[in-house]
Amino acid sequence: MAATHTPPHFPSGKPSVVVTRQLMPSVEMRMSELYDASLNSEDVPMSRDAIIAAMQNCDVLVPTVTDMIDREMIEAAGERLKLIANFGAGTEHIDLAAAAKRKIFVTNTPGVFTNDTADIAMAGIIGVPRRIREGTALVRKGEWSGWAPSGLLGRKLGGKTLGIIGMGRIGQAVAHRARAFGLEVIYSTRKPLPAALEQMLSVKRVADVDELIAQADILTLHCPLTDDTRGLLDSRRIGLMKDGASVINTARGELIDQEALIEALYAGKLAGAGLDVYPDEPNVDERLLRHPNVMTLPHIGSATAEGREASGEKVIANIRFWADGHRPPDQVLTALIG
């Protein structure tokens, strides 16, 4: 394979790699074998200043979704930094344009968390209409008085409409699972899926987001966070939803106007919500915690040992390709880097 850039020179013979968070033991062991790796054994999030200091003295930075790498930080990076090998698929926390301007490669780890995240989304899709969180709380508090014909009535899934906003890998995996529960699946994306894939998944595209939101009994979000999607589900769009509908979000917390969501929940407009992400993590609004039918999960969509190990292996592969002078397999914004 021909090199696509000049292989960098490393004084110690190995690239200097700084990893911002603790990774799987097998991944850290392999990194230590291959690279001059600085690991975060205590798994304490690095401060902004600490990350800048690392960027000024390493060849490769391995951040995660919780590490904000903005333009000022990239401009302050040393000349050695040539690769940001992100652990995770999302890259909205990295200023990609600033990295491209500095000729810094950026890679991610797509695909490895698809099924894991889809499974967590399904937990909300099933759990919110069936009031799982409320039922669990009754049992744990010792307040359950026993079975009753009218006790803790939820809504059946079969025949209901699931609206999916964002039909990438995860959205498609959710659609595949949802059909097994008898849900009618509609989706919204900028470009329609190929007809054969729509037929295979038994899904129907609704081009207008407002129309999809109005049709859905359960709405689940699987789109990336961009300037266009920030606050996508705002008070106006929540107002379009059916009374008693549910919202599921395993993508990014900023996709939803949280105040509007809370207002709709307590007004009874929405039956409940299943949330794995929040706009100010790790802080979760107390009103969400108090609501009886809001499933609040601690951002565990990708939290499987298998997925985290596979993501770490992709990071290692991206670094190895780059260090050898080849284009990393998971490079982001390829066209902007020579």
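The rules behind the values
- Residues numbered from 1 in each chain as written.
- Predicted model: local features only at pLDDT ≥ 70, side-chain atom pairs only at ≥ 80, totals over all residues.
- Heavy atoms only, no water.
- Helix = DSSP H or I, 4+ residues; strand = E, 2+ residues; numbered from the N terminus.
- Rg over C-alpha atoms; globule rule 2.2 N^0.38 Å.
- Buried < 20%, exposed > 50% of the residue type's maximum accessible area, 1.4 Å probe, protein only.
- Contact = heavy atoms within 4.5 Å.
- Areas by Shrake-Rupley, 256 points an atom, 1.4 Å probe, with all protein chains shown as cover.
- UniProt positions renumbered as here; feature names shortened; annotations may be inferred.
- Arc of directions from axis to C-beta.
- Expected span 1.5 Å × (residues − 1).
- Pairing = 2+ DSSP bridges.
- Axes fitted to C-alpha atoms, helices over the stretch in contact; angles between N-to-C directions.
- Parallel < 35°, antiparallel > 145°, perpendicular 65-115°, else oblique.
- Left-handed = near helix turned anticlockwise from the far one by under 90°.
- Nonpolar A, V, L, I, M, F, W, Y, C, P; charged D, E, K, R; others polar.

A.B. asks: In this structure, what is going on with the overall build of the protein? I would like to understand it.
C.D. replies: Scanning the protein for helices and strands turns up 13 helices and 12 strands. Whereas a compact globule of 338 residues would reach a radius of gyration of roughly 20 Å, the protein reaches 22 Å, a difference of no more than 12%. A principal-axis box enclosing the C-alpha atoms of the protein has dimensions of 75 × 50 × 35 Å. Each of the 338 residues in the protein was classed as buried or not, and the buried ones make up 49%. Sequence separation of 24 or more characterises 62% of the internal contacts of the protein that already satisfy a separation of 6 or more. Roughly 16400 Å² of accessible area belongs to the protein as shown, and the carbon and sulfur atoms make up 53% of that amount.

A.B. asks: What is the right way to read the UniProt feature "domain: D-isomer specific 2-hydroxyacid dehydrogenase catalytic" (unreviewed entry) in the protein from this model?
C.D. replies: Under the present numbering, the feature "domain: D-isomer specific 2-hydroxyacid dehydrogenase catalytic" (unreviewed entry) in UniProt falls on residues 38-332. What you have in residues 38-332 is 36% helix and 14% strand, and the ends, taken at the C-alpha atoms, are 24 Å apart.

A.B. asks: Looking at this model, I keep getting lost on helix α6 (residues 132-140). Mind explaining?
C.D. replies: Buried within α6 are the following residues: Glu134, Gly135 and Ala137. Around the axis of α6, the buried residues are gathered within 160° of arc, so they sit on the same side. Exposed and oriented more than 90 degrees from the buried face of α6 are Val139 and Arg140. After α6 finishes, the residue Gly142 shows a positive phi value of roughly 70°.

A.B. asks: What is the right way to look at helix α5 (residues 114-127) in this model?
C.D. replies: Given 3.6 residues per turn, any residue in an α-helix points the same way as the ones three and four places further on. Over its 14 residues, α5 runs 20 Å from end to end, which matches the ideal 20 Å to within 8%, given 1.5 Å per residue. Counting buried positions along α5 yields 10 of 14 residues, so the element is predominantly enclosed. For α5, the full list of buried residues reads Thr114, Asp116, Thr117, Ala118, Ile120, Ala121, Met122, Gly124, Ile125 and Gly127.

A.B. asks: So what exactly am I meant to see when it comes to the sheet that holds strand β9 (residues 218-221) here?
C.D. replies: In any sheet, the strands associate via hydrogen bonds between backbone groups, in a parallel or an antiparallel arrangement. The parallel open sheet is built from 7 strands, whose spatial order is β8-β7-β6-β9-β10-β11-β12. If you trace the sheet from one side to the other, it starts and ends with β8 (203-205) and β12 (294-296), each paired once. Across the sheet, the axes of successive neighbouring strands diverge by a mean angle of 20°, strand direction being ignored. As defined by bridge partners, β9 adjoins strand β10 (residues 245-249) across 4 bridges and the pair is classed as parallel. Among the inter-strand pairings, Thr220 is bridged to a residue of β10, identified as Ile248. In the packing of helix α11 (residues 258-266) onto the sheet, contacts are made with β11 (270-275) and β12, and the angle to β11 comes to roughly 135°.

A.B. asks: Where do I start with the packing of helix α1 (residues 25-34) against helix α13 (residues 305-323) in this structure?
C.D. replies: Angle between the axes and distance between the axes are the two parameters that describe a pair of packed helices. One can describe the packing of α1 onto α13 by two numbers: an axis separation of 9 Å at closest approach and a directional angle of 15°. Overall, the two elements α1 and α13 adopt an arrangement that is roughly parallel. Read as a crossing pair, α1 and α13 show a hand that is right-handed. Where α1 abuts α13, its residues Ser26, Val27, Arg30, Met31 and Leu34 lie against Glu309, Gly312, Glu313, Val315, Ile316 and Arg320. Its residues assigned to classes, the contact of α1 with α13 comprises 5 nonpolar, 2 polar and 4 charged.

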